[in-house]
Amino acid sequence: MQNKTQNKGKIINSLTIVFIVFFVYCLLYFFNFFSFLEAKTYDSRMKFAGRFTKPSEEICFIALDQESLNWGKEEMGWSWPWPRAAYADIVNYFSLSDSKALAFDMLFTEPSLYGKEDDEIFAAACKNNGKIIQSVFEEKSTGKLLYPISEIKESAAELGMITSSMDDDDIIRRAKLFFTFDKEYFNSLGLSPLFLDLFQNPAKHIAEGKDFSELIIDTLGKSISSLQADETLNLRFQSSIDDYLPYRASDILKSYYALSRGEEPLIPPENFKDTYCFFALYAPGLYDICSIPNNQVYPGVGIHITLLDNLLNNQFIHKTSWYICVLWILLLSGFGVFIIKISEKQTTSKKTIISLLLIPTITILFVIIISYILFALGIWLPLINPILTFLSSFILAFVLSYTKEGKQRRFIKNAFKQYVSPTVIENLIQNPEKLKLGGERRRLSIFFSDIQGFTSIAEDMEPEELTDFLNTFLSEMSKIILENGGTIDKYEGDAIVAFWNAPTDIKNHELWALTAALQCQKKLEDLRENF
């Protein structure tokens with residue numbers, strides 16, 4: 001009855017710890033208490049996941065880099081900013097390529113320094129192409145939208161918003177698909193090329209066996225289902241912007257001018273057939289720099305390219321549902337207590353230490369590895385909260401075990417360590433109910449020993465010498481008895497009384513008692529040489 005009461009109390013204590021830890025860490029989860037630390041582990045996992053994805057081959061990137069600027073100045077006499085007629089020639093080149101769209105991640109908010117005709121040349125080329133996307137930007141300081149000048153705005157097939165969603169630590173991990181401003185609707189620059197292609201070429205896609213509504217659902221359905229409360233999507237970045245197909249603006253212009261002269265181009269326009277192209281500044285000091293999880297210095301155009309890439313391949317990072325996270329927290333809060341219960345049942349101190357060190361370490365490594373593997377598969381399972389949940393339940397259960405049950409363990413060890421073998425002590429610790437007041441009847445193997453002729457031996461020894469003799473003899477004999485599972489009842493002068501099969505059951509106790517007796521005799525032969 002007492003044993004059942006003790007077990008019931010242990011179960012209640014364990015469940016109390018699990019409930020308290022679970023409740024506290026669920027609150028911390030819903031209030032995003034560990035958002036900063038979680039974001040840092042998110043970034044680490046993004047670097048890991050970047051090795052396992054390939055960029056879409058439908059996306060290319062035209063970079064106006066330093067070499068292009070040098071070429072423009074040396075060969076064409078263009079200072080910065082370039083005349084917009086140069087961009088018109090780039091648009092004309094893509095008009096020959098049958099690309100799906102060309103998005104400019106540049107703001108043409110002011111008239112050209114080269115005069116109105118320069119703007120008109122660029123606008124005419126854009127209108128003739130019919131697949132040009134220009135950028136719109138929301139200026140945070142004024143709250144106003146910055147549009148391209150009227151000629152360029154009207155010639156664009158679509159306007160795409162380039163405003164980014166930045167986290168509190170100034171790192172961009174997410175992006176919005178849609179924006180509204182004064183009841184005006186905009187796609188993001190990353191979504192605009194895809195929408196433009198769908199709306200301009202519905203017949204081509206419908207010929208593939210889908211009606212237009214199905215096209216929209218297939219294109220955005222999975223991504224919309226991953227939208228967070230702030231209408232953003234978690235982007236999955238490649239290791240570098242260079243993982244996409246980068247081309248220099250100067251090489252595009254060289255190719256266009258070669259074609260105009262009837263010569264072989266450096267880059268055939270056919271290379272861009274059915275591709276989504278982005279044009280952006282990429283020269284030091286000109287392009288906008290942002291930070292992403294796996295790169296602290298990243299061109300802003302990469303955010304829009306990544307969004308389109310994720311849309312094409314459905315490679316967003318999907319955050320696990322709240323109920324999955326809650327179940328994960330519950331499981332780990334329970335497992336932390338479970339480990340302590342395992343350690344309490346170990347029969348040796350070595351096994352206890354292993355269970356208290358090895359199992360928690362393996363558990364934490366398992367949680368980390370699982371979170372990284374899932375992230376590589378596109379699933380974001382929180383990492384910091386579950387680990388702290390596990391550690392908290394483990395530490396609380398350990399403290400409770402040490403202060404309450406550990407007190408009982410220490411009492412039993414101190415009371416019996418001089419008389420009972422370590423194996424028997426551990427058995428008593430695990431089953432303290434076996435210590436009964438009033439005793440019990442059971443079959444024992446009893447060991448008696450004393451030294452033949454001890455009185456005459458003692459008379460011939462000095463007191464100090466006799467004390468040393470008895471200490472050595474009794475210590476060696478006691479050691480053998482305890483190693484064989486015996487319990488020392490008492491010492492009477494030179495005599496030892498011991499027994500087996502009490503207070504705990506010992507299988508084949510007769511054999512253990514005889515083995516101890518034989519080993520004691522052998523040890524005596526060794527000791528005679530020293531006395």
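Relevant structure appears above.
Here goes a summary of the coordinates provided.

**Some words on the sheet that holds strand 18 (residues 487–492)**
Then, in step 1: The antiparallel open sheet is built from three strands, whose spatial order is 17-19-18. Two strands bound the open sheet, and with one partner strand each, they are strand 17 (445–449) and strand 18. For this sheet the average axis-to-axis angle between neighbouring strands, irrespective of direction, equals 15 degrees.
Then, in step 2: As paired elements, strand 17 and strand 19 (residues 495–500) share five bridges and run antiparallel to each other. Bridge assignment links Phe448 to a residue of strand 19, and that residue is Val497.

**Focus: the packing of helix 17 (residues 463–483) against helix 18 (residues 509–528)**
Then, in step 1: At a minimum axis distance of 9 Å, the contact between helix 17 and helix 18 shows a crossing angle of 150 degrees. What the angle tells us is that helix 17 and helix 18 run roughly antiparallel. Helix-helix and strand crossings are classified by hand; for helix 17 and helix 18 the assignment is right-handed. Side by side, helix 17 and helix 18 meet where Thr472, Phe473, Glu476, Met477 and Ile480 of the first sit next to Ala516, Gln519, Cys520, Lys523, Leu524 and Leu527 of the second.
Then, in step 2: Across the contact of helix 17 with helix 18, the residue classes tally to seven nonpolar, two polar and two charged.

**Considerations on unusual backbone geometry**
Then, in step 1: Omega for the peptide link from Trp80 to Pro81 comes to 0 degrees, which places this bond in the cis form.
Then, in step 2: When you line up the elements, Pro81 lands in the loop between helix 3 (66–76) and helix 4 (84–95).
Then, in step 3: For Asp274, which is not a glycine, the phi torsion comes out positive at approximately 60 degrees.
Then, in step 4: Residue class for Asp274 comes out partly exposed when judged on its relative accessible area of 32%.

**Some remarks on the pattern of salt bridges**
Then, in step 1: Across all of its chains, the model carries 18 salt bridges by this definition.
Then, in step 2: Between Glu38 and Arg45 there is a salt bridge, with the nearest N and O atoms lying 2.6 Å from each other.
Then, in step 3: Taking the shortest distance from any N to any O, the salt bridge between Glu151 and Lys116 comes out at 2.6 Å. Residue Glu151 is located in helix 6 (residues 150–155), and its partner Lys116 is located in helix 5 (residues 116–129); the two are separated by 35 residues in the primary sequence.
Then, in step 4: By relative accessible area, which is 21% here, Glu151 ends up partly exposed.
Then, in step 5: Within the structure, one salt-bridge network assembled from shared partners comprises Lys40, Asp43, Asp167, Asp169, Arg173 and Arg174.

**With respect to the packing of aromatic side chains**
Then, in step 1: This model, assessed by the stated rule, comprises 34 aromatic pairs.
Then, in step 2: Relative to Phe104, the ring of Tyr87 lies with its centre 6.4 Å away and its plane at 80 degrees, an arrangement referred to as edge-to-face. With Tyr87 in helix 4 and Phe104 in strand 2 (residues 101–104), this pair connects stretches of sequence that are 17 residues apart. Of the two residues, Tyr87 and Phe104, neither departs from the other in class, the shared state being buried.
Then, in step 3: Through pairs of rings, three or more aromatic residues link up here, namely Trp71, Trp78, Trp82, Tyr87, Phe104, Phe108, Phe122 and Phe279.
Then, in step 4: Lying across the ring of Tyr147, Lys153 places its NZ or CZ 4.1 Å from the centre.
Then, in step 5: A cation over a ring is seen here: Lys319 above Trp380, with NZ or CZ 5.0 Å from the ring centre.

**So, helix 5**
Then, in step 1: Taking 1.5 Å as the rise per residue, helix 5 with 14 residues should run 20 Å; its terminal C-alpha atoms sit 20 Å apart, in good agreement.
Then, in step 2: Looking at helix 5, one finds that the buried residues are Asp118, Asp119, Phe122, Ala123, Ala125, Cys126 and Asn129. Angularly, the buried residues of helix 5 cover 160 degrees about the axis, an arc narrow enough to put them on a single face. Counted as exposed and oriented over 90 degrees from the buried face of helix 5: Lys116, Glu117, Lys127 and Asn128.
Then, in step 3: Elements in contact with the buried residues of helix 5: helix 4, strand 2, strand 3 (132–139) and helix 6.
Then, in step 4: Phi for Gly130, located one or two positions after helix 5, is positive at around 80 degrees.

**Some words on the pairing of strand 18**
Then, in step 1: In this structure, strand 18 lies alongside strand 19, joined through five bridges in antiparallel fashion. Across the sheet, the residue bridging to Lys490 is Val497, located in strand 19.
Then, in step 2: Hairpin connection of strand 18 to strand 19: two residues between the antiparallel strands, including Gly493 at a positive phi of 65 degrees.

**Concerning the packing of helix 4 against helix 5**
Then, in step 1: Across the interface, helix 4 lies against helix 5 with an axial gap of 8 Å and an inter-helix angle of 15 degrees. On the basis of their axis angle, the class for helix 4 and helix 5 is roughly parallel. For the pair helix 4 and helix 5, the sense of crossing is left-handed. Between helix 4, through Arg84, Ala85, Tyr87, Ala88, Val91, Asn92, Phe94 and Ser95, and helix 5, the contact on the second element is made entirely by Asp118, Asp119, Ile121, Phe122, Ala125, Cys126, Asn128 and Asn129.

Analysis parameters
Numbering of residues starts from 1 in every chain and runs along the sequence as written. In view of the model being predicted, local features appear only for residues whose pLDDT reaches at least 70, and side-chain atom pairs are presented and counted only at 80 or more, with totals across whole chains, interfaces and linings using the full set of residues. The side-chain quantities take in all heavy atoms of the structure and omit both hydrogens and water. Two strands make a pair as long as DSSP finds a minimum of two bridges between them. Secondary structure follows DSSP: runs of H or I at least 4 residues long count as helices, runs of E at least 2 residues long count as strands, and numbering of each begins at the N terminus. Lines are fitted to the C-alpha atoms to define the axes, a helix being fitted only along its stretch in contact, and any angle between axes, read from their N-to-C directions, falls within 0 to 180 degrees. Our angle categories are set so that under 35 degrees counts as roughly parallel, over 145 as roughly antiparallel, 65 to 115 as roughly perpendicular, and the remainder as oblique. Note: crossing handedness is left-handed where the near helix turns anticlockwise from the far helix by less than a right angle, and right-handed where it turns clockwise. Whether two residues touch is decided by their heavy atoms; if any such pair falls within 4.5 Å, the residues are in contact. In this classification, the charged set is Asp, Glu, Lys and Arg, the nonpolar set is Ala, Val, Leu, Ile, Met, Phe, Trp, Tyr, Cys and Pro, and all remaining amino acids, among them Gly, are polar. Relative accessibility decides the category of a residue: with a 1.4 Å probe and only protein chains considered, values under 20% of the type maximum give buried, values over 50% give exposed, and everything between is partly exposed. One side-chain nitrogen of Lys or Arg within 4 Å of one carboxyl oxygen of Asp or Glu is enough to make a salt bridge. Geometry of aromatic contacts follows a simple scheme: Phe, Tyr and Trp rings, the Trp one being its six-membered ring, pair when their centres are within 6.5 Å, and the pair is stacked under 30 degrees between planes, edge-to-face over 60, tilted otherwise. Lysine NZ or arginine CZ positioned within 6 Å of the ring centre and within 35 degrees of the ring normal marks a charge as sitting over the ring. A helix's residues, less one, multiplied by 1.5 Å, set its expected span. What the arc measures is the spread of directions leading from the helix axis to the C-beta atoms.

Honestly, that's just the spatial picture; any functional story needs more than this.
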